[in-house]
Amino acid sequence: MYDAFISHIQQRNFFEPGKTYLLACSAGLDSMALAQLLHAGGIQFELGHVNFGLRDVESEGDEDFVRKWAELRNLPVHVHRAKTKEWAENKGISIQMAAREIRYQFFEEIRSQRNLEGIVLAHQEDDQLETIFLNLVRGTGIEGLYGMSDRLGWLIRPMLPFSRAQLANYAEEVQFTWREDRSNASTDYKRNKLRHQGLPALYNLEPDTRQNLLQSFVRLKDTGKAFSGLFEQWKAEHVREEQGISFLSYSAINNMPGAATLLYFWLRPYGFNSDQALTLAKCLEEIKPGRLLRSAQYELSMDREELLLYPIPIAFPEIELSFDTQSFELPEGHYEVTYGAKTASIDRNPEHALLDLDCLEFPLKVRSWQEGDRFNPLGMSTEKKISDFLIDNKIPLPLKKEVKVLVSGNRIAWVVGMRIADWAKVGPVTQKHMHIQKR
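Residues numbered from 1 in each chain as written. Predicted model: local features only at pLDDT ≥ 70, side-chain atom pairs only at ≥ 80, totals over all residues. Heavy atoms only, no water.

Draft legend 1. Local environment of the environment of valine 407. Among the structural elements, valine 407 can be located in strand 19 (residues 404–408). Between the C-alpha atoms of valine 407 and tryptophan 369, which are 38 residues apart in sequence, the distance is 9.8 Å. Once residues within four sequence positions are removed from consideration, valine 407 is found in contact with Leu364, Lys365, Arg367 and Ile412. (Helix = DSSP H or I, 4+ residues; strand = E, 2+ residues; numbered from the N terminus. Contact = heavy atoms within 4.5 Å.)

Listed below in structure tokens is the structure:
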């Protein structure tokens, strides 16, 4: 076991000479085996132990065991006595989830404070198999078959190729002791039920079932990596970004094998789930512009020729502009307001508004446009619906929702950033003007 372990950690370059690491140590077989192996291999490490206070005298015994083991070897040990039940109640989560959060938070705090090179965890092959099957039970996709990574950020798992039986044999060989957590024998928890009932029944199907499963998961993980690479190529070719909006044409996804999976991998960073991706794939069979899907912060809409993905617009509170307003703020920028007598020059910048002051009724209002709003655009004598005006200007749906109007009395004087109304323009008879400029 020792030779195989040393060969493995050298091949994977887990530990650098002269660097010190933090070993997460529970006092159980796995972590004590890893402690023995690291110590025998000359790896510099400190120990971190969390006393969750869930097993009374046994929890105290675990803490005392880890302290004494470290002291006998002159190794620093860090212990956290956690209020696990209180943590779970305050956060409304299970005891198991609370223990996980406490554990990883404490280990990271110690690693950071002590400037240690990594956090070493004792997860082994049986833990890996249990994790993969639990992921399958939860309904995860192909990435659930990846299991735990042997290196992820500061976390290092050097024991994944070794089984619990191998560790027990190593313990017998070198005569080290450990503490047995009696709760591990209970079948009240899913992982324990899987460990003691589900997986043994599966392994009994064939003599080599366990090894075949491990080999299958390795191949599936490699398949998943291949898919991820192909997906990134597809995404780079077909998803374009403009003005904070992502566009995907129907032609790039329709009739694609695994369309729902492609959509899921595209949308999941934005909070969409696999069920929504399946729903969207079905919607693509009959395009109906205007259909929407939402996550917590993003919205996906079906336009005429493509899908549009964008942040959910934040509601804009109406603001008033009095006659003496000098400036105001909108989400899209800062605006300055000046007033003057008749001007000879005309500002044709659509982001600015040069208006006949005598035509305006104060206070003016800036608000989001609404269905039914109409105005007569500059150069036109007849009115036009704002909705039609936006369509004519090919404004994408998410940007339509951001459009605001400047209202005078009950008339729209300016579609902000796009066009003023003809009735409010500066003309030959204008005596005073109001000039709004985006800065």
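Draft legend 2. Highlighting the environment of aspartate 150. Within the secondary structure layout, aspartate 150 lies in the loop between helix 6 (125–138) and strand 5 (151–152). For the pair aspartate 150 and arginine 294, spaced 144 residues apart in sequence, the C-alpha separation works out to 35 Å. Setting aside its immediate chain neighbours within four residues, aspartate 150 contacts Arg12, Phe14, Leu155, Ile156, Arg157 and Leu160. Within the structure, aspartate 150 has its side chain in polar contact with the side chain of arginine 12 (distance 2.8 Å). (Polar contact = N/O pair within 3.5 Å; in protein donor to acceptor, adjacent residues only side chain to side chain.)

Draft legend 3. Focus on the side chain of glutamine 36. Positionally, glutamine 36 belongs in helix 2 (residues 29–40). Within the local environment of glutamine 36, its side chain forms a polar contact with the side chain of tryptophan 69, the two groups lying 3.3 Å apart. Glutamine 36 has contacts with Trp69, Arg73, Tyr170 and Phe176, leaving out every residue within four places of it along the chain.

Draft legend 4. Fine view of the environment of arginine 419. Checked against the element boundaries, arginine 419 lands in strand 21 (residues 419–420). Taking the C-alpha atoms as reference points, arginine 419 and leucine 155, 264 residues apart in sequence, are found 57 Å from one another. Sequence-distant contacts of arginine 419, defined by excluding residues within four places in its chain, comprise Phe375, Pro377, Leu378, Phe389, Asn393 and Trp414.

Draft legend 5. Region of the structure containing the nonpolar core. Counting residues in each nonpolar core, the largest one holds 34 residues, and the members touching the most others are Leu360, Ile386, Leu390, Leu406, Trp414, Val415 and Ile436. Ranked by residue count, the leading element in this core is strand 20 (residues 411–415), at 4 residues. With residues up to four places along the chain from it excluded, the contact list for isoleucine 436 reads Phe328, Tyr335, Glu336, Val337, His352, Ala353, Leu406 and Trp414. The next biggest cluster of nonpolar side chains, apart from the first, holds 33 residues, and it includes Met32, Ile43, Val66 and Tyr170. (Core = buried A, V, L, I, M, F, W, Y, C linked by side-chain atoms within 4.5 Å. Buried < 20%, exposed > 50% of the residue type's maximum accessible area, 1.4 Å probe, protein only.)

Draft legend 6. Quick look at helix 6. Look at helix 6: 20 Å from first C-alpha to last across 14 residues, which is about the 20 Å you get at 1.5 Å a residue. Across the 14 residues of helix 6, 11 count as buried, placing the element largely inside the fold. Inspection of helix 6 places Glu125, Asp126, Asp127, Gln128, Leu129, Glu130, Thr131, Ile132, Phe133, Leu134 and Asn135 among the buried residues, and these make up the whole buried set. Here the buried face of helix 6 lies against helix 2, helix 7 (164–174), helix 8 (190–203) and helix 9 (209–238). For helix 6, the N-terminal capping position is held by glutamine 124, with its side-chain oxygen 2.7 Å away from the main-chain nitrogen of aspartate 126. (Expected span 1.5 Å × (residues − 1).)

Draft legend 7. Region of the structure containing the packing of aromatic side chains. Summed over the entire model, instances satisfying the criterion amount to 18 aromatic pairs. An aromatic cluster of at least three residues, connected via ring pairs, comprises Phe227, Phe231, Trp234, Tyr264 and Phe265. Here arginine 240 stacks its cationic end above the ring of phenylalanine 247, 4.2 Å away from the centre of that ring. The aromatic ring of phenylalanine 265 is capped on one face by arginine 268, whose charged end is 4.5 Å from the ring centroid. (Phe/Tyr/Trp six-rings, centres within 6.5 Å; stacked < 30°, edge-to-face > 60°. Lys NZ or Arg CZ within 6 Å of the ring centre and 35° of its normal.)

Draft legend 8. Spatial organisation of unusual backbone geometry. Note the cis peptide between phenylalanine 362 and proline 363, where omega equals 0°. Position of proline 363 among the secondary structure elements: in the loop between strand 15 (353–356) and strand 16 (364–368). One non-glycine residue, asparagine 74, lies in the positive phi region at around 60°. On the accessibility criterion, asparagine 74 (72% relative accessible area) is exposed. With a phi angle near 55°, lysine 394 is a residue other than glycine that sits in the positive phi range. Take lysine 394: it is sitting in the loop between helix 12 (386–392) and helix 13 (397–400). For lysine 394, a relative accessible area of 73% translates into the label exposed.

Draft legend 9. Inspection of the packing of helix 10 (residues 259–267) against helix 11 (residues 274–283) at higher detail. Contact geometry for helix 10 and helix 11: axes closest at 8 Å, N-to-C directions at 130°. Looking at the two axes, helix 10 sits oblique to helix 11. Between helix 10 and helix 11 the crossing geometry is right-handed. Residues Ala260, Leu263, Tyr264 and Leu267 of helix 10 touch helix 11, and the partners they reach there are Ser274, Ala277, Leu278, Leu280 and Ala281. Residue composition of the contact of helix 10 with helix 11, grouped by class: 8 nonpolar, 1 polar and no charged. (Axes fitted to C-alpha atoms, helices over the stretch in contact; angles between N-to-C directions. Parallel < 35°, antiparallel > 145°, perpendicular 65-115°, else oblique. Left-handed = near helix turned anticlockwise from the far one by under 90°. Nonpolar A, V, L, I, M, F, W, Y, C, P; charged D, E, K, R; others polar.)

Draft legend 10. Quick peek at the sheet that holds strand 3 (residues 77–81). With mixed pairing, the 6 strands of this open sheet are ordered in space as 3-2-1-4-6-5. This sheet does not close on itself; its edge strands, each paired only once, are strand 3 and strand 5. Examined bridge by bridge, strand 1 (residues 20–24) and strand 4 (residues 119–120) share 2 bridges and lie parallel to one another. Bridge assignment links leucine 23 to a residue of strand 4, and that residue is valine 120. Those strands touched by helix 2 are strand 1, strand 2 (44–51) and strand 4, and its axis lies near 160° from that of strand 1. Of the strands in this sheet, strand 2 and strand 3 are in contact with helix 3 (residues 57–72), which crosses strand 2 at around 165°. (Pairing = 2+ DSSP bridges.)

Draft legend 11. Geometry of the sheet that holds strand 11 (residues 306–311). Taken in spatial order, the 5 strands of this open sheet run 7-8-11-10-9, and their pairing is antiparallel. Two strands close off the open sheet at either side, each with one partner strand: strand 7 (239–242) and strand 9 (292–294). Taken over all neighbouring pairs, the strand axes of this sheet differ in orientation by 20° on average, direction set aside. Across 5 bridges, the pairing between strand 10 (residues 298–302) and strand 11 is antiparallel. The residue of strand 11 that forms the bridge with serine 301 is leucine 308. Sheet strands touched by helix 10: strand 7, strand 8 (245–249), strand 10 and strand 11. Its angle to strand 11, the strand with the most contacts, is close to 25°. Its contacts with the sheet put helix 11 on strand 9, strand 10 and strand 11, and the angle it makes with strand 9 is roughly 170°.

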